Amino acid sequence: MGTRPTQLDVARLAGVSRQTVSLVVRKDPRVSDEKRGRVLAAMESLDYRVNVAASALASRRTSFVGIVLSEFTNPFHADLVEAMRRRCEEEGLVPFIAPVAVDAQEESTAISRFVEMNVGGLVLISPLLSEGEISKIGAEIPTVVVTRNHAPDGVDVVHSNDTAATRLATEHLIDSGYTRIVFLGYDRQVPGDSAVCRSEGYRAMMKERGLPAITEFTSWDASPEAAREIVAQYSTGTGVVCHNDSIAIDVLAAVIESGLEPGDDVGVVGFDNTRISGFPGISLTTIDQRWEDIANRTIELIIDRIANGRTKSVDLSLPSTLVVRGSSTRRNLADT
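I will try to describe carefully the structure that is included in this document. A quick note: this is a predicted structure, and the numbers were derived from the prediction, not measured.

## Focus on the packing of aromatic side chains
1) Next: Evaluated as defined, the whole model comprises three aromatic pairs.
2) Next: Seen from their ring centres, Phe64 and Phe96 are 4.5 Å apart, and the 20° between their planes marks the pair as stacked. Linking Phe64 in strand β1 (residues 64-70) with Phe96 in strand β2 (residues 94-100), this pair joins segments that are 32 residues apart in sequence.
3) Next: What makes Phe64 partly exposed here is its relative accessible area of 26%.
4) Next: Geometrically, the ring pair formed by Phe183 and Phe217 is edge-to-face, given 6.5 Å between the ring centres and 65° between the ring planes.

In C-alpha cells form, the structure reads like this:
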C-alpha cells in the first residue's frame, strides 16, 4: 500500500512552497488565484487529503475529539461510538469518550472538561442541554449534535427523521393485525429530542388510522418493569412500538416470561437496528437508522469544520428503513 501524499508532495508538483499549500488548505485569501489553481490541481492529481490532526495543531487546537453520551449500556450508543472511534483513528484524530448519567448537569461538566482540554471538536449524542447552552458551546468548539432533530445556528446536527420512522413502525404493526398498539418510550421533554419526535410519529399514525393512542413512558433503568406491566395489562393481540432496541428487548423478555410468543401473541418493534437485534432468538423488527452512516457523517462534519474553518450549520437527516423480523410476524392471524 502506498504512503499518503503530504503537503510537501503537493508543493513539489505545483512548484510552490509547502507554506503556500498550507495557506491554500486554510483558504487564506493572500494566495494568488494562479498559485491556488496550481495547488488545487496538484491536490486532485495526487488524491491529497487534508491531515486533520495537523490542521488542528495549526489552529492551536488538539487533534482530540470529545464524545459525550449517556446510557452507555444502550447497544445503539455502543455501536455508534465504536464506529466513530474507528473513523477518528482513520483520520488521525484521537477520540475521548465521556459516558455520563442521563443528567444535563453531568453533560455540562463533561463538556466543560473537554473545553478546558482545548479539544478539536465535540460530538454530543442525544444531549439534554438547551439549545442556548449548545449554541454557546458551538461558538467555542466545532460541535455536532447527534440523534436530535434540530440544533441551534453554528452547530451541525446528524439524525434520522424520527417522526417519519416511528410512523412507519406503527403502521407496520397496525397492518400486521394487532388489535391494540402501545407506544413505550422516554418522557424526555427536550425540543427536537428523539423521545419527543418518536412519540409524536406514533400518535400521528394512530390518529390517521382512527385508532386510540396508548402512550406509556419510562426511564432507562425502569424499562424492564414498564415492559412487564404493559404485557400484563394488554396481553395477547397487542403491538408495542418501542423508543429503541433496548426497550424492545425488555418487552420481548416480558412477553416470554408471561408464557406468550413474540410475534404470534405480542408484536414488538424497536428502533436503531443494533447488532444484537438480529441475533437468533431475538429476531427483533426494528427501524434501521444506519448508525454507521451517522457515525461517519458526524466525523466528516467535524473534519470539515477543523480543516476548512466552516461556520455555516449543516442539518443532515439520513433515511431510515423498517427491518421486519420475527418479533412482529404473526403466524396465527386469528384475533384473540
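## Examining unusual backbone geometry
1) Next: Positive phi outside glycine occurs at Thr147, with the angle close to 60°.
2) Next: The class for Thr147 is buried, based on a relative accessible area of 3%.
3) Next: Positive phi, close to 55°, is recorded for Arg290, a residue that is not glycine.
4) Next: Relative to the elements of secondary structure, Arg290 occurs in the loop between β10 (285-288) and α12 (291-308).

## Overview of the nonpolar core
1) Next: Counting residues in each nonpolar core, the largest one holds 36 residues, and the members touching the most others are Ile181, Val251 and Val268.
2) Next: Looking at this core, the elements with two or more residues in it are α8 (162-175), β6 (180-186), α9 (194-208), α10 (223-234), β8 (238-242), α11 (245-257) and β9 (266-271).
3) Next: Discounting residues that sit within four places of it in the chain, Val268 has contacts with Leu173, Val240, Cys242, Ala248, Val251, Leu252, Leu284, Thr285, Ser327 and Ser328.

## As for the side chain of Thr285
1) Next: Among the structural elements, Thr285 can be located in strand β10.
2) Next: Side-chain polar atoms of Thr285 contact the backbone nitrogen of Arg325, separated by 2.7 Å.
3) Next: For Thr285, the contacting residues outside a window of four places in its chain are His172, Val268, Val269, Gly270, Leu322, Val323, Val324, Arg325, Gly326, Ser327 and Ser328.

## Overview of the pattern of salt bridges
1) Next: Tallied over the full model, the rule gives 19 salt bridges.
2) Next: Across the pair Glu91 and Arg87 runs a salt bridge whose closest N-O atoms are separated by 3.2 Å. There is no split in this pair, since Glu91 and Arg87 are both buried.
3) Next: Arg209 is the salt-bridge partner of Asp175, the closest N and O atoms lying 2.7 Å from each other. Of this pair, Asp175 sits in helix α8 while Arg209 is found in the loop between α9 and β7 (214-218), placing the two residues 34 residues apart along the sequence.

## A word on α11
1) Next: Look at α11: 18 Å from first C-alpha to last across 13 residues, which is about the 18 Å you get at 1.5 Å a residue.
2) Next: Within α11, burial applies to Asp245, Ile247, Ala248, Asp250, Val251, Leu252, Ala254 and Val255.
3) Next: In this structure Asn244 caps α11, since a side-chain oxygen of it lies 3.3 Å from the backbone nitrogen of Ser246.
4) Next: Positive phi appears at Gly259, one or two residues downstream of α11, with a value of about 80°.

## As for the packing of α8 against α9
1) Next: Where α8 meets α9, the axes come as close as 7 Å, and the angle between the chain directions of the two elements is 45°. Our classification of the angle between α8 and α9 gives oblique. Crossing of α8 against α9: the hand is right-handed. The residues of α9 that touch α8, namely those facing Asp162, Thr163, Thr166, Arg167, Thr170, Glu171 and Ile174, are Ser194, Cys197, Arg198, Glu200, Gly201, Tyr202, Ala204, Met205, Met206 and Glu208.

## Here we look at the sheet that holds strand β11 (residues 315-318)
1) Next: What the six strands build is an open sheet, ordered β2-β1-β3-β4-β5-β11; its pairing is parallel. A strand with exactly one partner marks an edge of an open sheet, and here the two such strands are β2 and β11. The average undirected angle you get between the axes of adjacent strands in this sheet is 15°.
2) Next: With three bridges connecting them, strand β4 (residues 143-146) and strand β5 (residues 156-160) associate as parallel partners. Following the sheet pairing, Val145 is matched in β5 by Val157.
3) Next: Lying on the sheet, α12 is in contact with β1, β3 (121-125), β4, β5 and β11; it crosses β4 at an angle near 165°.

Rules of the game
Residues numbered from 1 in each chain as written. Predicted model: local features only at pLDDT ≥ 70, side-chain atom pairs only at ≥ 80, totals over all residues. Heavy atoms only, no water. Phe/Tyr/Trp six-rings, centres within 6.5 Å; stacked < 30°, edge-to-face > 60°. Helix = DSSP H or I, 4+ residues; strand = E, 2+ residues; numbered from the N terminus. Buried < 20%, exposed > 50% of the residue type's maximum accessible area, 1.4 Å probe, protein only. Core = buried A, V, L, I, M, F, W, Y, C linked by side-chain atoms within 4.5 Å. Contact = heavy atoms within 4.5 Å. Polar contact = N/O pair within 3.5 Å; in protein donor to acceptor, adjacent residues only side chain to side chain. Salt bridge = Lys/Arg side-chain N within 4 Å of Asp/Glu carboxyl O. Expected span 1.5 Å × (residues − 1). Axes fitted to C-alpha atoms, helices over the stretch in contact; angles between N-to-C directions. Parallel < 35°, antiparallel > 145°, perpendicular 65-115°, else oblique. Left-handed = near helix turned anticlockwise from the far one by under 90°. Pairing = 2+ DSSP bridges.

In short, the description is geometric, and any link to function would need to be established separately.
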